[in-house]
Amino acid sequence: MLHLKRTVPLAIAFFFVVALILQYFVPHPLSEKFLGMTQKWAIIVVYVSLLLGVGSLFQSHLRKIRVQTPGWGYSLVTLSVFGLTVLAGFHSRGNSPGGPLQWTYEFAYSPMSATMFSLLGFFIASAAFRAFRARSVEATLLLATAVVIMLAQVPLGAAIPGVGSLSAWILGVPLTAAKRALMFGVALGSIATALRIIFGIERSYLGGTE
Amino acid sequence: MEIVGAWIAVGLTLFMFSFLYKDNPFYKVGENLYVGITIGYFVIQLWYKTWIDKVWDVLTGQAHDRFVILIPVLIGALLLTRFVPKIAWMSRWAFAFVIGYGAGLAIPATLTTSVVIQAQATAKPLVTMPDRSPGAAKATENAKAAYDKAKEGAAKEDEKIRAARYRYEQSRSVSEYTFLTAYRDFTTIVIFVGVFCVLFYFFFSIEHRGPVRAFSRVGILFLMIYFGASYGNTVMGRLSLLYGRVLDLKDYSRQMYGFATPVILVLMIAVLAALHVKNKGKDEGHAA
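Here goes a summary of the coordinates provided. Each chain has its residues counted from 1, following the order in which its sequence is written. Going through the entries in the order they are written, you letter the chains from A and number the ligands from 1. Reporting of local features is limited, given that this is a predicted model, to residues whose pLDDT is at least 70; pairs of side-chain atoms are given and counted only at 80 or more, and all residues count toward the totals for whole chains, interfaces and linings. As a rule here, side-chain values come from all non-hydrogen atoms in the structure, and water together with hydrogens is ignored.

A separate point is the pattern of salt bridges. Residues and elements named next belong to chain B. Salt bridge, as used here, is a side-chain nitrogen of Lys or Arg placed within 4 Å of a carboxyl oxygen of Asp or Glu. In this structure the tally under the stated criterion is 9 salt bridges over all chains. Of the charged contacts in the structure, one is a salt bridge between Lys144 and Asp148, with a shortest N-O distance of 3.3 Å. Of this pair, Lys144 and Asp148 both sit in helix 5 (residues 134-152), 4 residues apart, which is roughly one turn of the helix. Judged by its relative accessible area of 36%, Lys144 is partly exposed. For the exposure calls, accessible area comes from a 1.4 Å probe over protein chains only, and a residue counts as buried if that area is under 20% of its type's maximum, exposed if over 50%, partly exposed in between. Overall, Asp148 belongs to the partly exposed group, its relative accessible area being 23%. Among the ionic pairs, Glu159 bridges to Arg162, the shortest N-O distance being 3.1 Å. Of this pair, Glu159 and Arg162 both sit in helix 6 (residues 158-175), 3 residues apart, which is roughly one turn of the helix. Across the pair, Arg162 and Glu159 agree in class, each one exposed. One connected set of salt bridges, linked through shared partners, spans Arg165, Glu169, Arg172 and Glu176. Helix and strand assignments follow DSSP, with helices taken as H or I runs no shorter than four residues and strands as E runs no shorter than two, numbered in order from the N terminus.

Structure (structure tokens):
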């Protein structure tokens, strides 16, 4: 049983890591076919994993409705709207133009999505107002860079001579340098994690200690 | 239908914006509607684009190996065993596939794009030596001739002159050490120093004190520029979304949409004020 619980998943992970690495270095039609097949498989597995998420959402909201915890009405809203959207989707057979799902996307999903993200603008700005104090060289640099980048993106700032060029230089030179160094770090971290998976050292994805 | 859509869009937008006042029932309703619609929308998208296109159509097709497609379905189905505690361990096989697939793709891809290509772009000669070959000199001469011709041309189009000048300056910066060459070298040096110092800042094997501290300090300065620029870009991105919402609210406040924005706004303010009064009364009652 322990083999099924521990050895088999480790072997599956090992097989796919090694096979996909080999595939990259051996560009044979067979390996290309293997890559295409695995990519298709991954998309399907991810789709089914969405059902796991939906199931979990249902479990959590149904529990709230059953126990009638404070605010259970909101759970009812979530589940009803989810059901209505899915019905609208089946009625439209996907997202056919002019169908109810496209209408829902245009008049409900899209405005709410944009509003939700634009709300963050207020909170970032208010947090910055409280946190951005030019107390040190580092803080001043951060503040000045943010101001230049923001100014360059509005007509008033772009009209100030030099702001556009300075912003372009910041984005093209120092930003590239810092981003590149961070990319090195992230890449080396990812490779190290992948190697840990290959050698079976990284087992946190198995979930348990068994 | 468009008028109904306008009222719904305005209502939902204002529900979400009401959070700027405080957490309130309108926002909570909006938030839960958002979750429900988003998940429902993506379930439908994936149903048609993944399940129908990639599984159902293949299974009902004529290909002799069509049943192979059931393997990922089976692997995916193993994830659902998470809901049955006794056999939940079977989901590990599916997770192992996802992790193995991700890691297998990540190693060669990140090695190429994030390490090799980035290192190549960084490890360049810090000083450019002019190319003294006859070919480079000839190219510069030709570019200069073209530039002179553009200047003296009858049409005297600014754009053409600028393009010819640009080509001449580029060509000259290869065959001679010009201001442009010096600028390029300066850029290369700044990037090299930046990458080195930021990497050094994250290098914890030696203590950052004494002369080596200078490197990590310079690294911090580069990181601050990065964070500042990221912050600026994020704020401007959010603000552009805000412009869009404000413009929609303005559009929908017109008569042809039944004054949706002002009507809903007034109703919401009235309800929020009533709730405030009610809650205040309750609080006072509790205090007494």
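That shown, we press on.
Residues are treated as being in contact if the distance between any of their heavy atoms lies within 4.5 Å. Chain A puts 107 residues into the contact, and the matching count from chain B is 108 residues. The buried area of a pairing is the accessible area, by a 1.4 Å probe, that goes missing from both parts when the two are put together, added over both. For the pair chain A and chain B, the summed buried area comes to about 10200 Å², and 82% of that belongs to carbon and sulfur atoms. A per-residue breakdown of the area chain A buries against chain B is headed by Tyr47(A), Tyr74(A) and Met112(A), which together make up 7% of the total. Viewed at the interface, chain B and chain A are joined by 1 salt bridge. Two N or O atoms form a polar contact when they lie within 3.5 Å of each other; inside protein one atom must be a possible hydrogen donor and the other a possible acceptor, and for residues adjacent in sequence the pair counts only when both atoms belong to side chains. Linking chain A with chain B are 12 residue pairs in polar contact (both at pLDDT 80 or more). Put simply, the parts of the chain that give the side of chain A that touches chain B at least two residues each are helix 1 (2-25), helix 2 (29-67), helix 3 (72-92), helix 4 (100-131), helix 5 (137-152), helix 7 (163-172) and helix 8 (174-198) of chain A. It is helix 4 of chain A that provides the largest number of residues to the side of chain A that touches chain B, a total of 23 residues. Looking at the side of chain A that touches chain B residue by residue, the class counts come to 77 nonpolar, 22 polar and 8 charged. Gly falls in the polar group here, along with every residue not listed as nonpolar (Ala, Val, Leu, Ile, Met, Phe, Trp, Tyr, Cys, Pro) or charged (Asp, Glu, Lys, Arg).

What follows deals with a nonpolar patch on the surface. Residues and elements named next belong to chain B. A contiguous nonpolar patch, built from Leu126, Val127, Met129, Tyr177, Ile189, Phe192, Val193, Phe196, Phe215 and Val218 and spanning about 850 Å² of accessible area, is present on the exposed surface. The set of elements that each furnish at least two residues to the nonpolar patch consists of helix 7 (179-201) and helix 8 (212-251). Looking at which element gives the most residues to the nonpolar patch, the answer is helix 7, with 4 residues. Here Tyr177 shows up in the loop between helix 6 and helix 7. Judged by its relative accessible area of 43%, Tyr177 is partly exposed. Like-charged residues are merged into a patch within 9 Å and nonpolar side chains (Val, Leu, Ile, Met, Phe, Trp, Tyr) within 5 Å, provided each residue has over 30% relative accessible area and no salt bridge. Note on areas: Shrake-Rupley with a 1.4 Å probe; residue coverage comes only from the protein chains shown.

To continue, consider the packing of helix 8 of chain A against helix 7 of chain B. All axes here are fitted lines through C-alpha atoms, helices being fitted over the stretch that makes contact, and every angle between N-to-C directions spans 0 to 180 degrees. Axis separation between helix 8 of chain A and helix 7 of chain B bottoms out at 8 Å; the angle between their running directions is 40°. In terms of axis orientation, helix 8 of chain A runs oblique to helix 7 of chain B. In the packing of helix 8 of chain A onto helix 7 of chain B, the handedness of the crossing is right-handed. Along its contact with helix 8 of chain A, which presents Thr176(A), Ala177(A), Ala178(A), Arg180(A), Ala181(A) and Phe184(A), the element helix 7 of chain B presents Val190(B), Ile191(B), Gly194(B), Val195(B), Val198(B) and Leu199(B). Throughout, the term roughly parallel applies to angles under 35 degrees, roughly antiparallel to angles over 145, roughly perpendicular to angles from 65 to 115, and oblique to all others. With the far helix as reference, a near helix turned anticlockwise by less than a right angle produces a left-handed crossing, and one turned clockwise produces a right-handed crossing.

Moving on, we come to helix 3 of chain A. What a helix is expected to span follows from its residue count: subtract one and scale by 1.5 Å. Helix length check: helix 3 of chain A, at 21 residues, gives a terminal C-alpha distance of 30 Å against a target of 30 Å (1.5 Å per residue), a fit within 8%. Within the sequence span of helix 3 of chain A, burial applies to Ser75(A), Thr78(A), Leu79(A), Val81(A), Phe82(A), Thr85(A), Val86(A), Ala88(A), Gly89(A) and Ser92(A). In this structure, the buried side of helix 3 of chain A is in contact with helix 2 and helix 4 of chain A together with helix 2 (25-59) of chain B. Looking at the residues trailing helix 3 of chain A, positive phi occurs at Arg93(A), about 50°.

Buried together is how nonpolar side chains tend to be arranged in soluble globular proteins. Nonpolar cores are built from buried Ala, Val, Leu, Ile, Met, Phe, Trp, Tyr and Cys residues. Side-chain atoms within 4.5 Å join them into one set. Counting residues in each nonpolar core, the largest one holds 28 residues, and the members touching the most others are Met112(A), Val10(B) and Tyr252(B). When residues of this core are assigned to their parent elements, the largest contribution, 8 residues, is made by helix 1 (residues 2-17) of chain B. Not counting the four nearest positions on each side in its chain, Tyr252(B) is found in contact with Phe107(A), Ala6(B), Ala9(B), Val10(B), Tyr257(B), Phe259(B), Ala260(B) and Thr261(B). In terms of nonpolar packing, the next biggest core, distinct from the first, is built from 20 residues, Ile149(A), Ala181(A), Phe184(A) and Val195(B) among them.

Pairing of aromatic rings covers Phe, Tyr and Trp, the last through its six-membered ring, and needs centres within 6.5 Å; plane angles under 30 degrees mean stacked, over 60 mean edge-to-face, and all others mean tilted. This model, assessed by the stated rule, comprises 32 aromatic pairs over all chains. Between Tyr105(A) and Tyr41(B) the ring centres are 5.0 Å apart and the planes differ by 35°, which places this aromatic pair in the tilted class. Residue Tyr105(A) is found in helix 4, and its partner Tyr41(B) is found in helix 2; the two belong to separate chains. When the centroid spacing of 5.1 Å and the interplanar angle of 75° are considered together, the rings of Tyr201(B) and Phe202(B) count as edge-to-face. Every member of this aromatic cluster is reached through a ring pair, and the members are Phe15(A), Phe16(A), Phe34(A), Trp41(A), Phe97(B) and Tyr101(B).

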